[in-house]
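# Tertiary structure, described
Residue-level listing of the chains:
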Amino acid sequence: MSDKQEKLSEEDFKDPYEFGFETDIESDFAPKGLNEDTVRFISNKKNEPEWLLDWRLEAYKRWLVMKEPDWSSVRYPSIDYQDSYYYSAPKDSEKLESLDDVDPKLLETYNKLGIPLKEQEWLAGVAVDAVFDSVSVGTTFKERLKEDGVIFCSFSEAVQDYPELIKKYLGSVVPSTDNYFATLNSAVFSDGSFVYIPPGVRCPMELSTYFRINAAGTGQFERTLVIADKDSYVSYLEGCTAPMRDEHQLHAAVVELVALEGAEIKYSTVQNWYPGNEEGVGGVYNFVTKRGDCRGDNSKISWTQVETGSAITWKYPSCILRGNNSSGEFYSIAVSNNYQQVDSGTKMIHLGNNTSSRIISKGISTGKSSNTYRGLVSIHPKSKGSRNFTQCDSLLLTNQCSASTIPYIESKNSESIVEHEATSSKISEEQLFYCQQRGLNEEEAVSLIVNGFCKDVLQKLPMEFAVEAQKLLSVSLEGSIG
Amino acid sequence: MSNNFLNIKSLSVKVDDKLIINNLSLSIGRGEVHAIMGPNGSGKSTLSNVLAGKDGYTIVNGAIDFSGEDLISLEPNERANKGIFLAFQYPVEIPGVTNINFIKTALESNRKYRGLEPIKPGEFLKLIKEKSKILGIPEDRLKRQLNVGFSGGEKKRNEALQLLMLEPSLAILDETDSGLDVDAFKIVADTINSTRNKDNSMLVITHYQRLLERIKPDIVHIFVDGSIVESGGPELANEVESDGYERFGDAK
């Protein structure tokens, strides 16, 4: 970046209001490209403390010498990191005039999912000035949480209001140097969510960024941190069943969960980013690092995910089972259609004694897509009496798609048990015909069979979410046979 | 109208270039029960699959007319919703889908097709409990995954349950008697027989005369090498029972 630009930016930092509304809009974009100044710009915009800026800069320096990973099965043209914007305030993203400007296919999906018109406008990025019910719902909700001492706010707010918690836990599960995409996120993360549950508190409601209107969480470089203090419990829902209009091609989010002694975190995700069109053009590249640390004894972390979106999914929500008797779970449904590529799975790292983990993965491939389960179960020498059970099932709907299961199993002591089961099957014509003979059309039949195939995982989702996820599966698989 | 409820005219069907059904003609009137008897491999199941619209069969000649409509041009689910029900010889397992949910889904798609409102949950429950009881199906089996781990007899009873729930106008029973023990056989046969009325027709495919003792057919057809070689009253079934198919030209 030239000196001239840097000076202009510094001017902006002095007083965001100095240049009035219009100039303010302009200054809400960091100049294109990624360098140290971009990182400083973002940190400054967010009025972050010095230590956090240093943390970001360190990550950035590290990122410069890292190599983009190429060990997974996903293939994509190389990403030009200098050809992107790394910061733009949400209000400045380009708004459409009305739903008439929106891709009709997107609208069709919204209608099928039964999403109200106002929310459709919001999701599609239409400029709306109406006040949503959900906003007021959100407020009531926040007050109720306050009573129990639960903190649930945007990451940026947390940096301002709870700096000591952020300082203590940020990067403690996913270090800023962890991997190429997590490190990039550490340098340039824009916002995300922060949750803290005090000792002994059972969070009185499901926390979600999915009150669809809560925009705070979503973004290109999202960062989420959830801390469950001793003997607390929280269920967190991330995402939204409705596909979001999104101009960003690259998403690199980081999610860190910390469960202290006796605490339990249940983290559920529905990921439905734009998957690209039927020819495989466009779509989000989703490179996510999600990891939970069962730091205390008897703690538990459970990941449940339904993934139907993105052109590329690269994601391995993991559990570090550090505490004795701690347990980790991973329940996953990954759907790939058209030219989507999924390389997803989990890592269960058993460190403490008597730790247990359970992995149930259901991959559904159709179109010309590829769907890989990649998972690591590692039982360390001192992790005595630990157990793992893994079940990976793949269902193929067409002859052009592919499914792979790549389990890595390391057991370094003889007192632990690891079980792995895997099946791969093509949807059976007999099943389809049986359903059709009872009056279901082909799509309804596919949807019924697929939902049956995924039942073990769908059951793990909170009730209301499960219903939406079922609908989403049906919509994602429409026209997938034949 | 009553005479052309189901009209199969000069039907020939191939599977992988092999002629399985050869110039078959058959008419079933409204309210009539027809039985098809024949040796293994004579094409009986092919006929039921073709009527239900299963893929993999090439119709090389002929026409099928159902209730005044060209059946061949309809999708399997359209045929089902228009009242054709096939009780499968080998009912299919669908893991993860409960029996009761499957039957409800089927009934709903049927009702939707006929322009009816969805059935009230309480009403549905009452109905399915009642029908299960008639067939001696314990309630916990309704909650199990469809046909998964069911014995052969349990699967067949479950087919009969679906028949009772869906009330088709043409029920095709493809060897529904096989796999049933004596007591279950009686219950299933008598229950199916009780659904007979002046509007509903049946096509009963069987090896054995014993089923036809309980579901008394109006007409019995002897099926050999893909076509009907003789038709007659119930006495024809008795003849097969005692003398086999040899007289009808079966070389086996």
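Refer to the structure above for everything that follows.
The following refers to the structure shown. Every value quoted in this text rests on a predicted model; they were computed, and no experiment measured them.

### Re the overall build of chain A
Broken down by element type, chain A carries 14 helices and 19 strands. Expressed as a percentage of the 482 residues in chain A, the buried residues total 58%. Of all intrachain contacts in chain A linking residues separated by at least 6 positions in sequence, the fraction that spans at least 24 positions is 84%. Just so you have it, chain A exposes about 20300 Å², and 49% of that area is on carbon and sulfur atoms.

### Concerning the sheet that holds strand β9 (residues 170-174) of chain B
Residue and element names in this part refer to chain B. In space, the six strands of this open sheet follow the order β6-β9-β10-β3-β11-β12, with mixed pairing throughout. The open sheet has two edge strands with one neighbour each: β6 (84-87) and β12 (227-232). With strand direction ignored, the average angle separating the axes of adjacent strands in the sheet is 20 degrees. Relative to strand β10 (residues 201-206), β9 runs parallel, the two sharing five bridges. Considered in β10, the bridge of L173 is made with V204. On the sheet, helix α1 (residues 44-52) packs against β3 (33-37), β6, β9, β10 and β11 (219-224) and is oriented at approximately 145 degrees with respect to β10.

### Looking at the interface of chain B and chain A
It is common to give the size of an interface as the accessible area that goes away when the parts come together. Contact residues are listed per partner, giving 33 residues for chain B and 17 residues for chain A. For the chain B and chain A pair, buried surface summed over both sides reaches about 2000 Å², with 64% attributable to carbon and sulfur atoms. We note a salt bridge from E430(A) to K54(B), for which the minimum N-O separation is 2.8 Å. Remark: the boundary between chain B and chain A carries eleven residue pairs in polar contact (both at pLDDT 80 or more). Within the residue set of the side of chain B that touches chain A, elements represented by two or more residues are α1, α2 (76-81), β6, β7 (94-98), α3 (99-113) and α6 (152-166) of chain B. Per element, the largest residue contribution to the side of chain B that touches chain A is seven residues, and it comes from α3(B).

### Focus: the nonpolar core
By size, the foremost hydrophobic cluster in this structure holds 105 residues, and its most contacted members are I364(A) and L47(B). Setting aside anything within four residues of it in sequence, one finds I364(A) in contact with I333(A), A334(A), V335(A), S336(A), N371(A), L395(A), L397(A), V450(A), F453(A), C454(A) and L477(A). The next biggest cluster of nonpolar side chains, apart from the first, holds 48 residues, and it includes V39(A), L184(A), L225(A) and Y285(A).

### Here's the deal with helix α7 (residues 182-194) of chain B
Residue and element names in this part refer to chain B. For α7, with 13 residues, the first-to-last C-alpha span of 18 Å sits near the 18 Å given by 1.5 Å per residue. What α7 keeps buried is the set A184, F185, V188, A189, T191 and I192. The buried residues of α7 occupy an angular sector of 165 degrees when projected down its axis, which confines them to one face. Those residues of α7 that are exposed and aimed more than 90 degrees away from the buried face are V182, D183 and S194. Against the buried residues of α7 lie α4 (121-135), α6, β9, β10 and α8 (209-214).

### Some details on the sheet that holds strand β3 (residues 207-208) of chain A
All names here are of chain A. Spatial strand order, β3-β5-β8-β10-β13-β15-β17-β19: eight strands in an open sheet with parallel pairing. Every interior strand has two partners, whereas the edge strands, β3 and β19 (417-426), have only one. Looking at chain direction, strand β8 (residues 264-271) and strand β10 (residues 300-307) are connected through eight bridges and run parallel. Note on β10: the bridge partner recorded for Q271 is E307.

### With respect to empty space enclosed by the protein
Vacant regions in the atomic arrangement are exposed by a probe of water-molecule size rolled over the atoms. Residues and elements named next belong to chain A. Taken as a whole, this structure holds three cavities of 30 Å³ or more when the rule is applied. Roughly 100 Å³ of internal volume is contained in the second largest cavity. Forming the walls of the second largest cavity are 17 residues, and the residues nearest its centre are S361, G363, N371, T372 and Y373. Elements with a contribution of two residues or more to the lining of the second largest cavity: β13 (327-336), β14 (341-350), β15 (356-365), β16 (370-379), β17 (387-396) and β18 (402-411).

### Considering the packing of α3(B) against α6(B)
All names here are of chain B. For the pair α3 and α6, the least separation of the axes is 10 Å and the interaxial angle reads 30 degrees. The interaxial crossing formed by α3 with α6 has right-handed handedness. Residues N99, F102, I103, A106, L107 and N110 of α3 pack against N158, L161, Q162, M165 and L166 of α6. Among the residues making up the contact of α3 with α6, the classes are represented as seven nonpolar, four polar and no charged.

### Quick look at a negative patch on the surface
Residues E429(A), E442(A), E443(A), E444(A), D55(B) and E75(B) make up a contiguous surface patch of negative charge. Per-element accounting of the negative patch gives the leading share, three residues, to helix α12 (residues 442-453) of chain A. By the element assignment, E442(A) lies in helix α12.

### Topic: the environment of W51(A)
Mapped onto the secondary structure, W51(A) falls in helix α4 (residues 50-64). Excluding its chain neighbours within four sequence positions, the residues that come into contact with W51(A) are P163(A), I166(A), K167(A) and L170(A).

### Quick look at the pairing of β13(A)
Counting buried positions along β13(A) yields ten of ten residues, so the element is predominantly enclosed. Every second residue of β13(A) is oriented toward a common face, with S327(A), E329(A), Y331(A), I333(A) and V335(A) on one face and G328(A), F330(A), S332(A), A334(A) and S336(A) on the other, all of them buried.

### Some details on the side chain of Q162(B)
Structurally, Q162(B) is set in helix α6. Apart from residues no more than four positions distant in its own chain, Q162(B) is found in contact with Y434(A), R438(A), F85(B), F102(B), I103(B) and L146(B).

### Structural notes on unusual backbone geometry
Trans is the common state for peptide bonds, and a negative phi is the common state for residues other than glycine. In the Ramachandran plot, N298(A) falls in the positive-phi region, its phi being about 55 degrees despite a non-glycine side chain. Looking at the element boundaries, N298(A) is found in the loop between β9 (285-294) and β10. N298(A) sits in the partly exposed class, given a relative accessible area of 45%. In the Ramachandran plot, S67(B) falls in the positive-phi region, its phi being about 55 degrees despite a non-glycine side chain. Relative to the helices and strands, S67(B) is located in the loop between β4 (58-66) and β5 (69-70).

### Focus: the packing of helix α3 (residues 36-45) of chain A against α4(A)
All names here are of chain A. At their nearest, the axes of α3 and α4 sit 10 Å apart, and the two run at 155 degrees to each other. With respect to each other, α3 and α4 are oriented roughly antiparallel. Where α3 crosses over α4, the two elements pack in a sense that is right-handed. Where α3 abuts α4, its residues E36, V39, R40, I42 and S43 lie against L53, R56, L57, Y60 and K61.

About the cut-offs
Residues numbered from 1 in each chain as written. Chains lettered and ligands numbered in written order. Predicted model: local features only at pLDDT ≥ 70, side-chain atom pairs only at ≥ 80, totals over all residues. Heavy atoms only, no water. Helix = DSSP H or I, 4+ residues; strand = E, 2+ residues; numbered from the N terminus. Buried < 20%, exposed > 50% of the residue type's maximum accessible area, 1.4 Å probe, protein only. Contact = heavy atoms within 4.5 Å. Areas by Shrake-Rupley, 256 points an atom, 1.4 Å probe, with all protein chains shown as cover. Pairing = 2+ DSSP bridges. Axes fitted to C-alpha atoms, helices over the stretch in contact; angles between N-to-C directions. Buried area = accessible area lost by both parts, 1.4 Å probe. Salt bridge = Lys/Arg side-chain N within 4 Å of Asp/Glu carboxyl O. Polar contact = N/O pair within 3.5 Å; in protein donor to acceptor, adjacent residues only side chain to side chain. Core = buried A, V, L, I, M, F, W, Y, C linked by side-chain atoms within 4.5 Å. Expected span 1.5 Å × (residues − 1). Arc of directions from axis to C-beta. 1 Å grid on protein atoms, 1.4 Å probe; cavity = no way out; pocket = protein on both sides within 12 Å on 5 of 7 lines; lining within 4 Å. Points joined across faces, edges and corners; volume = space filled by probe spheres on them. Left-handed = near helix turned anticlockwise from the far one by under 90°. Nonpolar A, V, L, I, M, F, W, Y, C, P; charged D, E, K, R; others polar. Patch = residues over 30% accessible without salt bridge, like charges linked within 9 Å, V, L, I, M, F, W, Y side chains within 5 Å. Lys, Arg positive; Asp, Glu negative; His and termini not counted. Charge placed at Lys NZ, Arg CZ, Asp CG, Glu CD. Parallel < 35°, antiparallel > 145°, perpendicular 65-115°, else oblique.

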